Amino acid sequence: MTARRWFYLVASVGVAAFFVLSILNYCIDPIQYFREASFYRPYIHGNYCRYINPGMAKNRRYETVIVGSSYMANTDPAMVDKVLHTPSVNLTMFGATMREIRLILETAIRTGRVKRVVWGLDLDTLMDDPDMFRIPDFPLYLYDDNPWNDFRYIANFDLLFKLSREIIAVNLLHRSGGSADFDSAYNWMEIKKPFFGREQVLRRWKRAQELKGRAERNADTRRLMANGRGNITTNLLPLLRANPSIRFDIIYMPHSILYWLDVYRSGGLDAYVRIKQELFETMKGLNNVTLHDPQSDSAMLYDLDEYCDTGHFSESFNDRFIKALTTHEFTVTGQSIERAASRLMEETKRSLDVYR
Amino acid sequence: MLFNSYLYIYVFLPVSVSVYFLLFRRFGRSAALWWLFSCSLVYYGWWDPRYALLFCLSMAVNYTVGILLQRERWNGRARIRRTFLIIGIVVNVGLLAYFKYTDFFIGNLNLFLPQPLQPLRISLPLGISFYSFIQIAYLVDTYRGGAGRKGLVDYLSFASFFPQIFSGPIVRYGDVSRQRGDARTTLLNYDNIAKGLFLFSLGLFKKIMIADNLAPFADTGFALSSQLTLADSWLTSISYTLQLYFDFSGYTDMAIGTALMFNIRLPINFNSPYKARNLQDFWRRWHITLSSFLRDYIYIPLGGSRAGEFRTYSNIIITFLVAGIWHGAGWTFVFWGFLHGLGLVIHRFWNKTSLHMPRPLALFITFNYVNVLWVFFRARSFSDAVNVLSAMAGLKGIVLPRTVGILLGNPAEGYLRFAHEWMLRGDLTTMIMIGMLVAATLILKNSNEIIEGFKPSVRYAALAAAAFCVSLVFIQRYTEFIYFGF
């Protein structure tokens, strides 16, 4: 073989491989970005939520969007449909940052379908840098209307390889895993079931206290104040102001009393109260925004059987605060905000001797 | 733009090579070299155009100093020529010092100041360590009268030659200039193109399939250094030792492969370094062009081994302190360099004893010495390095798989413990894979040896295509090359 022929042979294989893989990726569309899967059972898994959500936002039919972090992942869209009387879609992301939530909301809003947003706000996400992505290779190219940069998805053979393995396992080998149902795809209750229960939560909390130094928690709280305002002005306010016709229900994610004890013992509870006050003051003039605060509710504070760790709760809590959207049980008003803050403070102080 | 990106592989490289030879044929040498220079600027500026301007400024200064050094009117006036040389070197070292060491200097100064100074947080222009050294070598060679022909475009296309610009090899002007003077290099040469493509595919495979898969073990280990135990710590250090080698030698293969397509043979940079039987041997095999630079432009000008025993040893230590600080602005790098220098001094003592060390033992000691020293190279602080090293020495206890405990009849746990999760990351299979990779670096032929036996045959085509296509699947996960940070 001549060197010339050798070169053309290898180069052709290299070019052909690229095109074949690209076409395959486009046809299979493993994250269903271009279209919903029709010839196979899709594999939808929380590990790929940042890749799957833009496609869901573009291709599903809905009027209400559910966003937030893992705390919101168990929110059942069917329940939301029933309570709010509109079709909904769950676009939560595990470990979501405020920027990531803003981006998925903007993607959904650009479709023109969104009338209502149910935003489960984990106050800890306000600690992150306003420009931060949780993963280093966040697929920004999926979150815009530019068709040219979709090339980066079509040429993402790594994703094709990983997801195809799962799709083959689910479809041909009939292995369970992931979900074909968009509505329950991110629900983690089944996986975490063995971790639920008062005894387990208390035991792990005590062990975590030994491992996690107080200094670390203090640093977290300082970050809440340092980055909180930046997140509000960069990732929250512009979105709320730019979409006055969309109704936003922002629900502060509840946590167990153990979580608040950690915060209190590190001297950070004031910061949480202050940031909630700031949020309330900022939202006051916005008629399309309602704040909901179930954080000082007794059951949510003390029913440790409903927790799998100090922060993550069962879907029954999700159902409760979704139902409360119409009953206004947790709606924040000028009067209730002070009451809720002092109650959270009192309950935490009262529990200091109970949980050591 | 990285070598391991679609843009480079499918667009930039084919266009730059084909237009280069087209221009050579149609418009001659000068047009082709201007094209090559333009491609290099695009390649460099893709990262940050501002730094491309800085790079151009650096080249302009060095070219001007080079012209001044060549002027015949200075013949016989050594002091003037030496002054020009010093000015040139000071500019290069000054630029490098400003961008790379200012914050390091401020940090150290703050230890003695009552009011600490704010760090400037200057971002490091990519490749500055490499292009500074390449241009210093050029000035010194010109001063010594060995650099050859120097037209403007010759110089620009040499100094900015994109395959080498970010991480070397550190090339001498004379080497490239001689090759460009050969008429055969003006024509598209399919032998070189085929060899270049083969080498490039090997390098891509090393980087994507080996180095990038080792990275998580090294990264996790160093990030959680305080939690490491015996097995973890060895997995961490050896993973990094291998990752660094496959990452950097993979990059070098791609650089040499790309340059070959332009009919330029860049010097080899790696020659199975972990097969070295002593530290001197190691430095003849690892980052060879840097070692040559340090030898020719630092060690020998300091006096080398010609000025007595003590001076020889101190010259070795100084040279390796420079090597350490060149790699990074931190005391861990300086210490790494010092320990290499010390190791070389000990090796010289050993040589004088005329004692014989069995080859496997020599290999074992050298590999482990280098492996231990890479811990300082990789660790973010001395305490991280000490954490890893004390765990490697068994001072943080030994954790073994629970099944081993069962096999031993569940002995009482103390220093020796048994757990399901006996490693932070990885398991026995990982250990075996890493062991096989170590064996591969000790037994298998390296890229230079493989390319010497290269023939445009079906076997080599299958090998190149397989390496390329497998890497292609994972290319989107691309990560930077480790040496970009130096």
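Predicted model, so just to flag it, every value in this text is computed and none were measured.

### Thoughts on the overall build of chain A
No. 1: When its secondary structure is counted, chain A shows 15 helices and five strands.
No. 2: Here chain A has a C-alpha radius of gyration of 23 Å; the compact-globule value for 356 residues is 21 Å, and the two agree.
No. 3: Taken over the C-alpha atoms alone, chain A extends approximately 85 × 45 × 40 Å along its principal axes.
No. 4: A buried classification covers 38% of the 356 residues belonging to chain A.
No. 5: Relative to all contacts within chain A whose residues are 6 or more apart in sequence, the contacts with residues 24 or more apart total 83%.

### Considering the overall build of chain B
No. 1: Tallying secondary structure elements over chain B gives 20 helices and two strands in all.
No. 2: Dimensions along the principal axes, computed over C-alpha positions, put chain B at roughly 85 × 60 × 55 Å.
No. 3: Among the 486 residues that make up chain B, the fraction classed as buried is 43%.
No. 4: Restricting to contacts in chain B with at least 6 residues of sequence separation, those with at least 24 account for 72%.

### Side note on the nonpolar core
In a soluble, globular protein the nonpolar side chains are often hidden away together inside.
No. 1: In this structure, A:Val65 and A:Val67 are the most contacted members of the largest nonpolar core, which totals 205 residues.
No. 2: Both domains that furnish three or more residues to this core are identified here as domain 1 (6-105 + 122-187) and domain 2 (193-485) of chain B.
No. 3: Excluding anything up to four places from it in sequence, A:Val67 contacts A:Met72, A:Leu91, A:Thr92, A:Ile101, A:Ile104, A:Leu105, A:Val117 and A:Trp119.

### Looking at the sheet that holds strand E3 (residues 116-121) of chain A
Residue and element names in this part refer to chain A.
No. 1: Reading across from one edge, E2-E1-E3-E4-E5 is the order of the five strands in this open sheet, with parallel pairing throughout. Edge strands, defined here as strands with exactly one partner in the open sheet, are strand E2 (88-90) and strand E5 (289-292). Averaged over all pairs of adjacent strands, the angle between their axes in this sheet comes to 15°, without regard to strand direction.
No. 2: Where strand E1 (residues 64-68) meets E3, five bridges bridge the pair, whose relative direction is parallel. Paired with valine 67 across the strands is tryptophan 119, a residue of E3.
No. 3: Across the face of the sheet, helix H4 (residues 77-84) comes into contact with E1, E2 and E3 while running at roughly 150° to E2.

### A closer look at the interface of chain B and chain A
No. 1: The interface is formed by 20 residues belonging to chain B together with 18 residues belonging to chain A.
No. 2: Among the elements that take part in the side of chain B that touches chain A, helix H20 (residues 458-473) of chain B stands out by supplying eight residues, more than any other.
No. 3: Grouping the constituent residues of the side of chain B that touches chain A by class yields 16 nonpolar, two polar and two charged.

### Some words on the domain arrangement of chain B
Residue and element names in this part refer to chain B.
No. 1: When its domains are assigned, chain B resolves into domain 1 (6-105 + 122-187) and domain 2 (193-485).
No. 2: Relative to domain 2, the C-alpha centre of domain 1 lies at a distance of 29 Å.
No. 3: Contacts between the two partners involve 25 residues from domain 1, matched on the other side by 24 residues from domain 2.
No. 4: Elements that contribute at least two residues to the side of domain 1 that touches domain 2 include exactly helix H1 (6-27), helix H4 (78-109), helix H5 (128-144), helix H7 (162-165) and helix H8 (173-181).
No. 5: Residue contributions to the side of domain 1 that touches domain 2 peak at five residues, all from H5.
No. 6: The residue inventory of the side of domain 1 that touches domain 2, partitioned by class, reads 17 nonpolar, six polar and two charged.

### Points about the confidence of the model for chain B
All names here are of chain B.
No. 1: On average, residues of chain B score 90 in pLDDT, and 96% of them are at 70 or above.
No. 2: Averaged over each element, pLDDT in chain B is lowest for strand E2 (residues 416-419) (81) and highest for helix H15 (residues 359-378) (96).
No. 3: The complex prediction reports pTM at 0.83, with the ipTM value standing at 0.85.

### Overview of the environment of B:Arg265
Residues and elements named next belong to chain B.
No. 1: Note that arginine 265 resides in the loop between helix H10 (230-261) and helix H11 (279-285).
No. 2: Separated by 85 residues in the primary sequence, arginine 265 and tryptophan 350 have C-alpha atoms spaced 37 Å apart.
No. 3: With residues up to four places along the chain from it excluded, the contact list for arginine 265 reads Gln179 and Leu260.

### Structural notes on unusual backbone geometry
No. 1: With a phi angle near 60°, A:His328 is a residue other than glycine that sits in the positive phi range.
No. 2: Relative to the helices and strands, A:His328 is located in the loop between helix H14 (315-327) and helix H15 (334-351).
No. 3: Judged by local crowding, A:His328 falls into the exposed class, with 11 C-beta atoms found within 10 Å.
No. 4: Of note in this structure, B:Asn263 is not a glycine but carries a positive phi near 65°.

### Some details on the packing of helix H12 (residues 269-283) of chain A against H15(A)
Residues and elements named next belong to chain A.
No. 1: It is the contact of H12 with H15, at a shortest axis distance of 11 Å, that shows an interaxial angle of 170°. The angle between H12 and H15 places the two elements in the roughly antiparallel class. As H12 runs across H15, the sense of the crossing is right-handed. Contact residues: H12 offers Leu269, Val273, Gln277 and Phe280, while H15 offers Ile337, Ala341, Met345 and Thr348.

### Observations regarding the pairing of E1(A)
Residues and elements named next belong to chain A.
No. 1: Counting buried positions along E1 yields five of five residues, so the element is predominantly enclosed.
No. 2: In E1, alternate side chains face the same way, and those of Thr64, Ile66 and Gly68 on one face and Val65 and Val67 on the other are all buried.
No. 3: Note that E1 and E2 share three bridges and pair parallel. The residue bridging threonine 64 from the neighbouring strand is serine 88, located in E2.

### A closer look at the packing of helix H2 (residues 49-59) of chain A against helix H5 (residues 98-110) of chain A
Residue and element names in this part refer to chain A.
No. 1: Between H2 and H5, whose axes approach to 8 Å, the crossing angle comes to 25°. Between H2 and H5, the crossing angle belongs to the class labelled roughly parallel. Here H2 runs over H5; the crossing is right-handed. Contacts between H2 and H5 involve Arg50, Asn53, Pro54 and Ala57 from the former and Glu100, Ile104, Thr107 and Ala108 from the latter.

### Here's the deal with helix H2 (residues 29-45) of chain B
Residues and elements named next belong to chain B.
No. 1: Between the first and last C-alpha of H2 there are 24 Å, a value that for 17 residues agrees with the 24 Å anticipated at 1.5 Å per step.
No. 2: For H2, every residue scored as buried is listed here: Ala32, Leu33, Trp35, Leu36, Phe37, Cys39, Ser40, Tyr43 and Tyr44.
No. 3: In this structure, the buried side of H2 is in contact with H1, helix H3 (49-70), helix H6 (152-159) and H7.

Rules of the game
Residues numbered from 1 in each chain as written. Chains lettered and ligands numbered in written order. Predicted model: local features only at pLDDT ≥ 70, side-chain atom pairs only at ≥ 80, totals over all residues. Helix = DSSP H or I, 4+ residues; strand = E, 2+ residues; numbered from the N terminus. Rg over C-alpha atoms; globule rule 2.2 N^0.38 Å. Buried ≥ 20, exposed ≤ 12 C-beta atoms within 10 Å, placed from the backbone. Contact = placed C-beta atoms within 7 Å. Core = buried A, V, L, I, M, F, W, Y, C linked by C-beta atoms within 7 Å. Domains from an automatic or database assignment. Pairing = 2+ DSSP bridges. Axes fitted to C-alpha atoms, helices over the stretch in contact; angles between N-to-C directions. Nonpolar A, V, L, I, M, F, W, Y, C, P; charged D, E, K, R; others polar. pLDDT = per-residue confidence, 0-100. Parallel < 35°, antiparallel > 145°, perpendicular 65-115°, else oblique. Left-handed = near helix turned anticlockwise from the far one by under 90°. Expected span 1.5 Å × (residues − 1).

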